Amino acid sequence: MKSMRYIVTRPCLQEGSLSILKYLQPTFNQSGPAVFVDDKGDEHSVQVDTERARIWGLGGLYHAQHLGVNDVLNITNLAPARYQVEAIVKPYAPPASPRREPNKAPETRRVVVSSTPHVREVRMQEVPQPAEARPAGPAEAPVPETGAGDVRVTEVRASAAEAAAQTQVGRVQADRVQARPPAERTQAEWGSVPVPGQSLPSASAPAGPAATAQAVAAGPPAPTPRAAPEVRQGEQAGQPAAQLAELTHLTGYRLDDLGGGVLRLKAELGAHGYAVLVALDEQARTSPAWNEEPGYRVMLCSEGEDPQGVSRLTHEALAALIEHARLAPLSPVDLRGYWKAGHVDMESAASVAELVSAYLAQRGVFSFVLLTLAQQPAHSVISVPRLAEKLGSGVNYAELGSILETLTRAPFLALTPLPGGQFLLRVGVANLLTDLAEYADGVRRRVRTPAGNRPEAAQREGIRA
């Protein structure tokens, strides 16, 4: 049987899906449920949607195979609606060896041979060069040569009076913050209170022009998700229902209390819907509600516990999922593969963090392209090769083409395609963002919020859509 080769993209990893490209249409020619069998013989249930040209439900497969962007799937049709999938993880390219410079010709310098208060003897002397020039490491830097061949090392240090003044100012500020009641302290003041045994931060030297130019050329760094806060077992065990309620609010589940210490996360997605039963303790597993309906079952516990006969959802992973959902939109479709895999612990939360990081990185690339386009005046022609040269290696041609294509459609309408792969910038980026903000505000005012989800303050004030 002929195997079809498919390259995994970043949207595939984010959505847990696979795009049915034109050459894959004969292989997936009918919508409905299907089964993917991986290298280990594990079966993964997927849903084929020919109308949208997507295959959904591959998040568990991607996670189990540790796949990343540009990895390859070989798909073989075994039977109707049953496919064999072989994952090929591309190795990283080996680091390039340092470039060796050719031997330099010997140079001559003026060297002082002898010197007295009245006479100084100067001669020309040949200075040999090393055979191989080693690249300067992080701790080494090329030293400039002076005219007399001497090496001068200049070290700037703060005087003792300045260091004492900085220390005294830090202590006074810390005493003022600690003297205030805890309820009146702001978040910035909490961060300024020194920890016992921790030294005060020293003032760093300003970056030079070379470092500034290098930072601008590299482009804005991709935003990364914040680290999950430290979780104490006693605090989290006392509020599991509140945490699950916040998770459902952020991700789109519906939370039901079935009684007996059993809570249910319900994903109302029609044919893609499912339920997760969460036992708050060991005793909840003996209640009748635990076996009422089919679904995934987990028990809430700490990271160090390992309950027998049931998958676990740790307090630490639950707090981390909430943090990730605050940074980027997560849906029950994104999380289904983790419930199906079994334990949802900090390892699973780290995998979710990678998805969130990839989403934020895409948003950062989009912002980088907009900021670069902002350097162009309105009603000017944009050349894609020149724009890619300005962006550097931070944005590849595929991402750049997708972003430019997006900017040609509503509601942006910022670019007009021209023959020869060029674009016309119809409006300046600053005016574009202002118009988008006004458009978004107008649409937001006309959005009709369901009565069950409308805030109480809005109901009291009688705000109408």
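Per chain, residue numbering runs from 1 following the sequence as it is written. pLDDT decides what is reported in this predicted model: residues at 70 or higher carry local features, side-chain atom pairs at 80 or more are listed and counted, and totals for whole chains, interfaces and linings draw on all residues regardless. Where side-chain values are given, they derive from all heavy atoms of the structure, hydrogens and water being excluded.

Colleague: Help me understand the overall build of the protein, please; the structure alone is not making it clear to me.
Modeller: Each helix is a run of H or I in the DSSP string that is no shorter than four residues. Each strand is a run of E no shorter than two, and both are numbered from the N terminus. The helix and strand inventory of the protein stands at 14 helices and 17 strands. Categorising residues by exposure relies on relative accessible area from a 1.4 Å probe, with only protein chains included: less than 20% of the type maximum marks a residue as buried, more than 50% marks it as exposed, and the intermediate range marks it as partly exposed. Evaluated residue by residue, the protein yields a buried proportion of 31% over its 465 residues. Of the contacts formed within the protein by residues at least 6 apart in sequence, a portion of 49% connects residues at least 24 apart. Working definition of accessibility: Shrake-Rupley area with a 1.4 Å probe, residue cover restricted to the visible protein chains. When the accessible area of the protein is evaluated, it comes to approximately 30500 Å², of which 54% is carbon and sulfur surface. Throughout, a residue-residue contact means that at least one pair of heavy atoms, one from each residue, lies within 4.5 Å.

Colleague: Honestly, the packing of helix α8 (residues 315–327) against helix α10 (residues 346–373) in this entry has me stumped. Any pointers?
Modeller: Angle between the axes and distance between the axes are the two parameters that describe a pair of packed helices. A fitted line through C-alpha atoms represents every axis, and for helices the fit uses only the stretch in contact; the resulting angles, taken between N-to-C directions, go from 0 to 180 degrees. Contact pair α8 / α10: the axes reach a minimum separation of 9 Å and the direction vectors enclose 10°. Judged on the interaxial angle alone, α10 and α8 are roughly parallel. Together, Glu316, Ala317, Ala320, Leu321, His324 and Leu327 of α8 and Met346, Ala349, Val352, Ala353, Val356, Leu360 and Arg363 of α10 make up the contact between the two elements. Residue composition of the contact of α8 with α10, by class: 10 nonpolar, 1 polar and 2 charged. The labels follow the angle: roughly parallel below 35 degrees, roughly antiparallel above 145, roughly perpendicular from 65 to 115, and oblique for the rest. Under the grouping applied here, Gly and all other residues not named as nonpolar or charged are polar, the nonpolar ones being Ala, Val, Leu, Ile, Met, Phe, Trp, Tyr, Cys and Pro and the charged ones Asp, Glu, Lys and Arg.

Colleague: Would you explain the packing of aromatic side chains in this entry?
Modeller: For any pair of aromatic rings, the description rests on two quantities: the centre-to-centre distance and the angle between the ring planes. To pair, rings of Phe, Tyr and Trp, with the six-membered ring standing in for Trp, must have centres within 6.5 Å; the planes then decide the type, stacked if under 30 degrees apart, edge-to-face if over 60, and tilted in the middle. This model, assessed by the stated rule, comprises 6 aromatic pairs. Seen from their ring centres, Phe36 and Tyr83 are 5.5 Å apart, and the 65° between their planes marks the pair as edge-to-face. Taken together, the residues span a long stretch of sequence, with Phe36 in strand β3 (residues 32–37) and Tyr83 in strand β7 (residues 82–88) at a distance of 47 residues. Note on Phe36: relative accessible area 1%, which makes it buried. A residue is classified by how much of its surface remains accessible, and Tyr83, at 6% relative accessible area, is buried.

Colleague: Can you help me understand the pairing of strand β1 (residues 3–7) in this one?
Modeller: In the case of a regular strand, side chains alternate between the two sheet surfaces. Of the two faces of β1, only one is covered, namely that formed by Met4 and Tyr6; the face formed by Ser3, Arg5 and Ile7 stays uncovered. At least two bridges found by DSSP between two strands is the condition for calling them paired. Strand direction decides the pairing type here: β1 and strand β6 (residues 72–79), joined by 5 bridges, are antiparallel. Paired with Ser3 across the strands is Thr76, a residue of β6.

Colleague: What's the story with the pairing of strand β16 (residues 415–418) in this structure? I'm lost.
Modeller: For β16 and strand β17 (residues 422–425), the ladder comprises 4 bridges, and the chain directions are antiparallel. Along β17, the bridge assignment pairs Leu415 with Leu425. In sequence, β16 turns back onto β17 through a hairpin of 3 residues, with Gly420 there showing a positive phi of about 85°.

Colleague: Would you mind going over the sheet that holds β16 with me for this structure?
Modeller: Note on sheets: strands pair through backbone hydrogen bonds, and any given pair is parallel or antiparallel. What the 3 strands build is an open sheet, ordered β15-β17-β16; its pairing is antiparallel. Single-partner strands in this sheet number two, and they are β15 (380–383) and β16. Neighbour to neighbour, the strand axes of the sheet diverge by 35° on average, direction disregarded.

Colleague: Explanation requested: unusual backbone geometry in the structure shown.
Modeller: Outside of glycine, negative phi angles account for most residues, and trans bonds account for most peptide bonds. Looking along the chain, the bond that leaves Ala410 and enters Pro411 is cis, with omega of 5°. With a phi close to 75°, Asn70 is a non-glycine residue in the positive phi region. Looking at where Asn70 falls in the secondary structure, it is placed in the loop between α2 (59–65) and β6. Phi at Ala81 is positive, roughly 65°, even though this residue is not glycine. Using a relative accessible area of 36% as the deciding quantity, one classes Ala81 as partly exposed.

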